[in-house]
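Examination of the molecular architecture
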Amino acid sequence: MSIEDEFISTVSHEMRTPLTSIRGFSQTLLNSWDKIDDENKKKFIKIIEEQSNRLINLVENILTVSKANAGKPVMTMVDINASIRKILPIFVEKYKNHKIVFNEYKKLPKARLDDDKFQQVMTNLIDNAGKYSAEGKTITISTNVQNDFITIDVADEGVGIKREDFGKLFQKFSRLENHLTSKTQGNGLGLYITKHLVEEMSGEISLESVENKGTTFRLKFPIYNPEEALKCFQKS
Ligand SMILES: Nc1ncnc2c1ncn2[C@@H]1O[C@H](COP(=O)(O)OP(=O)(O)O)[C@@H](O)[C@H]1O
Ligand SMILES: [Mg+2]
């Protein structure tokens, strides 16, 4: 089966479950309206709403996947710190009750990246850090230089990930069991898209995690330009 066929078959499977449930509960309501008490009517409508939301989310993510796959990346020299600063306000607002810290490495050389795709990657990682950690916890984003690489860490103090699940994380539609996955919206496409985008830009993604302590995702991008590389070793 080609990647496209496999994708279509997974997507249809993912859509069938909510659609079947929306149809079933609507039919029951229509056919037995007089026999169902108000409380149960409300319960059924609530299920229809939840399943519709699930579908909307799925469709949005599929659009993101096809956008992410569409077109070659447009590579320019990107100021990573500036790029991160641009998207941070979204998460300061969205995760009001978390503490968000950004440790910028001041002399970070520019990296050859597609800025839009890089922002999409950071959005996915910071959103996960917020989703899979409790309110009041800290999300720390740090940029750094390590030999001839730029590193970007997104660290949370959340539920953590078991080592044996590390491989599963990046597969499409895979969500892990934890008490926050059931409470949060998601369909397991985020990290699949993220890894794809990072590798397309010659980067690497890795993680370290301790269960119930937290997770750090690390991105690594090569420093191509020797002049850029020198800048971070010069004294200001
Ligand atoms: N920072 C994190 N801490 C703990 N678990 C995480 C984190 N990021 C991702 N995960 C786990 O990996 C799964 C896949 O992540 P992702 O592909 O972004 O999908 P989604 O967020 O839509 O569930 C999540 O369902 C969650 O179980
Ligand atoms: Mg996600």
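What counts and what doesn't
- Residues numbered from 1 in each chain as written.
- Chains lettered and ligands numbered in written order.
- Predicted model: local features only at pLDDT ≥ 70, side-chain atom pairs only at ≥ 80, totals over all residues.
- Heavy atoms only, no water.
- Phe/Tyr/Trp six-rings, centres within 6.5 Å; stacked < 30°, edge-to-face > 60°.
- Buried < 20%, exposed > 50% of the residue type's maximum accessible area, 1.4 Å probe, protein only.
- Lys NZ or Arg CZ within 6 Å of the ring centre and 35° of its normal.
- Pairing = 2+ DSSP bridges.
- Helix = DSSP H or I, 4+ residues; strand = E, 2+ residues; numbered from the N terminus.
- Axes fitted to C-alpha atoms, helices over the stretch in contact; angles between N-to-C directions.
- Near = heavy atom within 4 Å.
- Polar contact = N/O pair within 3.5 Å; in protein donor to acceptor, adjacent residues only side chain to side chain.
- Left-handed = near helix turned anticlockwise from the far one by under 90°.
- Contact = heavy atoms within 4.5 Å.
- Nonpolar A, V, L, I, M, F, W, Y, C, P; charged D, E, K, R; others polar.
- pLDDT = per-residue confidence, 0-100.

A few words now on the packing of aromatic side chains. This structure, assessed with the given rule, holds 3 aromatic pairs. Centroid distance Phe91 to Tyr95: 6.5 Å. Interplanar angle 5°. Geometry classified as stacked. Here Tyr95 falls in the buried class, since its relative accessible area comes to 10%. Directly above the aromatic system of Trp33 lies the positively charged group of Lys41, at a separation of 4.1 Å from the ring centroid.

Pairing between sheet strands relies on hydrogen bonds along the backbone, with the strands arranged either parallel or antiparallel. Across the sheet, which stays open at both edges, the 5 strands sit in the order β2-β4-β5-β7-β6 with mixed pairing between neighbours. Every interior strand has two partners, whereas the edge strands, β2 (99-103) and β6 (204-210), have only one. Each adjacent strand pair in this sheet contributes to an overall mean axis angle of 15°, direction not counted. For strand β4 (residues 138-146) and strand β5 (residues 149-155), the ladder comprises 7 bridges, and the chain directions are antiparallel.

As for its placement among the helices and strands, Ile193 is situated in helix α6 (residues 190-200). Here Ile193 falls in the buried class, since its relative accessible area comes to 4%. As for Ile193 and Gln120, which are separated by 73 residues in sequence, their C-alpha atoms are 9.1 Å apart.

Now for the site of ligand 1. In the vicinity of ligand 1 there are 21 residues, among which Asn128, Tyr132, Asp156, Arg175 and Leu191 approach most closely. A distance of 2.6 Å is found between an oxygen atom of ligand 1 and a side-chain nitrogen or oxygen belonging to Arg175. At the level of secondary structure, the elements contributing two or more residues to the shell around ligand 1 comprise α4 (115-131), α6 and β7 (214-222).

A word on the packing of α4 against α6. Interaxial distance between α4 and α6 falls to 9 Å at its minimum, and their mutual angle equals 145°. Note that α4 runs across α6; the crossing there is left-handed. Counted together, Lys117, Gln120, Val121, Asn124, Leu125 and Asn128 of α4 and Gly190, Leu191, Ile193, Thr194, Leu197, Val198 and Glu200 of α6 form the full contact between these two elements. Residue composition of the contact of α4 with α6, grouped by class: 6 nonpolar, 5 polar and 2 charged.

For the rest of this paragraph, the subject is the side chain of Thr151. Inspection of the secondary structure puts Thr151 in strand β5. With relative accessibility at 2%, the residue Thr151 sits in the buried group. With near-sequence residues (within four places) excluded, Thr151 lies in contact with Ser142, Thr143, Asn144, Gln146, Arg218, Leu219 and Lys220.

The share of residues in the protein chain with pLDDT of 70 or more is 89%, and the mean pLDDT across the chain is 89. Looking across the protein chain, the model is least confident in helix α7 (residues 226-231), with a mean pLDDT of 66, and most confident in β2, with 98.

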